[in-house]
Structure formats: C-alpha cells, structure tokens
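One letter stands for each residue in the lines below.
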Amino acid sequence: MNRWKTLLQKSISKAEQLPAHFPTPPGDIDRVIDIYPMRINPYYLSLIKQPGDALWRQVVPDRLEFYDTDGMDDPLNEENLSPVPNLVHKYPDRVLFLVHNQCAVYCRFCTRKRKVGTRAMHVSLETIKAGINYIKETTTVKDVLVSGGDPLLMDDDRLDYILASLRAIKHVEIIRIGSRVPCTLPMRVTKKLAAMIKQYHPVYINTHFNHPAEITPEAATACKRLADAGIPLGSQTVLLKGINDDPEIIKELLYKLLRIRVKPYYLFQTDMTKGTNHFRVPVEKGLEIMQHLIGHVSGMAVPTFAVDAPGGGGKIPLLPNYIEHIGDQLVFQNYCGITCTYDNPSDKKEMRLVHGKKTAHCR
Ligand SMILES: *Cc1c(COP(=O)(O)O)cnc(C)c1O
Ligand code: SF4
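No experiment lies behind these values; they were computed from the predicted model shown.

I'd like a description of the sheet that holds strand S11 (residues 329-333), backed by residues and values.
In a beta sheet, neighbouring strands pair by backbone hydrogen bonds and run either parallel or antiparallel. One open sheet holds the three strands; their spatial order is S10-S11-S12, and the pairing between them is antiparallel. Taken across any chain shown, the strands that pair with only one partner, and hence form the sheet edges, are strand S10 (323-326) and strand S12 (339-343). Strand-to-strand twist in this sheet, taken as the mean axis angle between neighbours without regard to direction, amounts to 15°. Pairing of S11 with S12 involves five bridges; the strand directions are antiparallel. Along S12, the bridge assignment pairs Leu 330 with Tyr 342.

Go over the nonpolar core, please, and point to the residues and values.
Residues Phe 97, Ile 135, Val 144, Leu 185, Ile 197 and Phe 209 are the most contacted members of the largest nonpolar core, which totals 98 residues. For this core, the element with the highest residue contribution is helix H9 (residues 217-228), accounting for five residues. Residue-level mapping places this core at the junction of two domains, with at least three residues from each of domain 1 (3-65) and domain 2 (79-317).

So what's going on with helix H6 (residues 156-167)? Which residues, and what values?
In this model, H6 (12 residues) spans 16 Å end to end at C-alpha, consistent with the 16 Å of a helix rising 1.5 Å per residue. Those residues of H6 that sit buried are Asp 156, Leu 159, Ile 162, Leu 163, Ser 165 and Leu 166. Turning to H6, the residues buried within the fold contact strand S2 (94-98), helix H5 (125-137), strand S3 (143-147), strand S4 (174-178) and helix H8 (191-198).

Lay out the site of ligand 1 in plain terms, naming residues and giving numbers.
By nearness alone, every residue bordering ligand 1 is listed as Val 88, Lys 90, Tyr 91, Arg 94, Leu 96, Leu 145, Arg 176, Tyr 265, Tyr 266 and Lys 315. The separation between an oxygen atom of ligand 1 and a polar side-chain atom of Arg 94 is 2.7 Å. Here an oxygen atom of ligand 1 and a side-chain polar atom of Tyr 266 are 2.5 Å apart. Among the secondary structure elements, those contributing two or more residues to the shell around ligand 1 are strand S1 (87-91), S2 and strand S7 (262-268). No other element matches the three residues that S1 contributes to the shell around ligand 1. Considering only residue class, the shell around ligand 1 consists of six nonpolar, no polar and four charged.

Can you lay out the side chain of Arg 280 for me, pointing to particular residues and giving the numbers?
With respect to the element layout, Arg 280 can be found in the loop between S7 and helix H11 (283-293). Summary of buried charges: Arg 280 has no salt-bridge partner, and the nearest side chain of opposite charge, Asp 68, is 4.2 Å away. A polar atom in the side chain of Arg 280 sits 2.9 Å from the backbone oxygen of Asp 271. Apart from the residues within four sequence positions on either side, Arg 280 is in contact with Asp 68, Asp 70, Gly 71, Lys 241, Thr 270, Asp 271, Met 272 and Thr 273.

Criteria and thresholds
Residues numbered from 1 in each chain as written. Chains lettered and ligands numbered in written order. Predicted model: local features only at pLDDT ≥ 70, side-chain atom pairs only at ≥ 80, totals over all residues. Heavy atoms only, no water. Pairing = 2+ DSSP bridges. Helix = DSSP H or I, 4+ residues; strand = E, 2+ residues; numbered from the N terminus. Axes fitted to C-alpha atoms, helices over the stretch in contact; angles between N-to-C directions. Core = buried A, V, L, I, M, F, W, Y, C linked by side-chain atoms within 4.5 Å. Buried < 20%, exposed > 50% of the residue type's maximum accessible area, 1.4 Å probe, protein only. Domains from an automatic or database assignment. Expected span 1.5 Å × (residues − 1). Contact = heavy atoms within 4.5 Å. Near = heavy atom within 4 Å. Polar contact = N/O pair within 3.5 Å; in protein donor to acceptor, adjacent residues only side chain to side chain. Nonpolar A, V, L, I, M, F, W, Y, C, P; charged D, E, K, R; others polar. Lys, Arg positive; Asp, Glu negative; His and termini not counted. Salt bridge = Lys/Arg side-chain N within 4 Å of Asp/Glu carboxyl O.

Shown next, in the form of structure tokens:
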C-alpha cells in the first residue's frame, strides 16, 4: 500500500485517542465529534507542538463548536445553487464540482463542516457522472473547480477518470483542483500523481495553508513536484482567531508560500458556518492586515482579502480605503498614508464608478 494510505489509516478520530498524544486533551468533545467528525493524520499530528497551538486549534475539536448559535448550516446557499448533487453553479462561467467527501484532516473551521467526512455528503460514481454531464451540457462553463472534501484523497485512477472526462469537453478551458493535501498530507503528492495531472493541462491547484509552521520540507517537496509538473499553485488562506490573525504571522506565511512556489490567492474572512464562530475575527482585522501587506511586502505575496457573502452572493473583495475622492482629479493615499493625486482624463468620465449598477449577466 502507498505510504500516504497507511498514514491516513493511522489517523486518530476518537476522543479517547488524544491522551496518548497530549497530556491535557480537551474534555467533553465526544458529542462534538458525533456531529462534526475528527481526523488527524500522523503527519499533521507530528507538527503540533503543544495543546492549544495554531495547528492544534485547526484540527482538535472544541466544545465551543457546540455552542455556536449565530452560524448557519449552509451559509453560502450551496444546496439551492446545485443543479445536480455535489455541483454548485453560482457564477456563469465556472462551477464548483465536489467529487470526494473525505479530507486528510477535518478542519474545525470548514465551511462545509456539516457535510465533509459524514454520511450527509454522498459522492458516488453516479453523482460524478451526473456532474460531468451537466458540465458537458452547459456550454457557458469554462472553468471547473474540482473540490470536495479533498479530491487528491481519491485514488489516482478515479481522479484520472474525472480529469480526462473534463478535458474531453471542448468548452472547458481550465481545470482547477482545490486540495489541502500539500499542507495536511504532503506525501500524497507522489511523482505518479503529478505526472498524471500533467496530462490534462491547463490544470491549476489551489491549496490551503494557514500558518507558517505548516510549511515544512515535506510540504515543499509536494509543491515542488506539482510546480515542476507545470501546475501553477495558489493558496486560499482563512483568517482565524488566535491562529493567524496577526500581520506578522500572515507576512511570514505569505513569504514562505512564495518560497515553495505557491502564489497567495485569497485571504478569506471565515464564513458564517455553524460551529465556527469562535474562529471569526472582525472584518476590520483583515483590512488592517491588508494595510500591513500592500506596498510593504512583495506584490507577489499579497492575496485578495474576500468575504464569501452569505446567501450565495459570491466572493466580494475588500480593500483598505485608499481613495479620498474621485472627480477631475483622483485623490488617494499611498501605502504610507501620504496623499497623492492623479489627473483623471475627462473623456473617461462616463467610466467612473457607478455604484449599484448591475452588469449584463447578473440577475
Ligand atoms: C469560490 C467559488 C468559485 C470560484 O471563484 P473564483 O473567485 O473564481 O476563485 C466558483 N464557484 C463557487 C460556488 C465558489 O464558491
Ligand atoms: S481540507 Fe478543506 S474541505 Fe477538508 S475539512 Fe479542511 S477546509 Fe474543509
């Protein structure tokens, strides 16, 4: 058996397995685990230095998950935006295609925590075929995001079948894979896997790192394999209270990502998912972090800070406010707070920002 599969089998998933690894495990989490499963594989477990640290908090259940009364089961309204099971069609030109229900760890802040790793998420060859058919019939779809769960936890053959089927559809221009495996179980990224994915270019992989301590030699090797196979890599990071809600930690993370050839893509405000409110920080915190990044660090390191609007509104980018005034002159501040001006060409007046105006394809 592959080493990664052996490791996955040795994951801890029950509260009574924690004391063997930590002197002071959290009490009273059995009921939490009944609803939101736990899985910590031996690799990720080995990165945890002490109870309560930034990696522990991402994967060890907390009683607070139970006491969240603000959250929603499906904050992004994904169920109602699904024309076929496990496929979310929100934007005209791209779909989110959920092809697997397992992950290498179960993140406590997961947006789909009501589903991943539970029976509530039924993924089968039938739902996969139905998704592929929907994409085949929907010619507006140019970009398919293969996600889950974690698609890279599938066997090579199953993933190969999905990628080959998508690549055979003429109107599908790009394929994206969303996977936390380069961070949470990097040994899954075998040479064979990279060579298989490479056949279906252009394929992009967006992975998900939240803390500099996750960037290990093993993670670097996984990302090198993928990047050497010509797969551009991005990271979607979630802003998490007490884990990475600090400009210095985020800066260190972003530079370390660039070092392993991963381009920071999004920094997300935590969704309103039920069971995650102890991770949410005020939006102002994210804006403050962006202000510490823009202009101060390599532009290559700067992600887009975004909130995925509850109800299915989609991702909305948020920027610190640099604009003081737009008229015949643009009056704006630079990264140090110094006011600058730019003469706004008068023949472009009709192009000025019109708030609340819908673009053609929006309903
Ligand atoms: C995030 C997401 C996408 C992709 O959005 P991008 O901004 O293009 O990365 C597409 N569909 C759904 C449902 C999503 O949640
Ligand atoms: S790896 Fe992604 S999908 Fe899986 S539990 Fe973590 S955040 Fe959720």
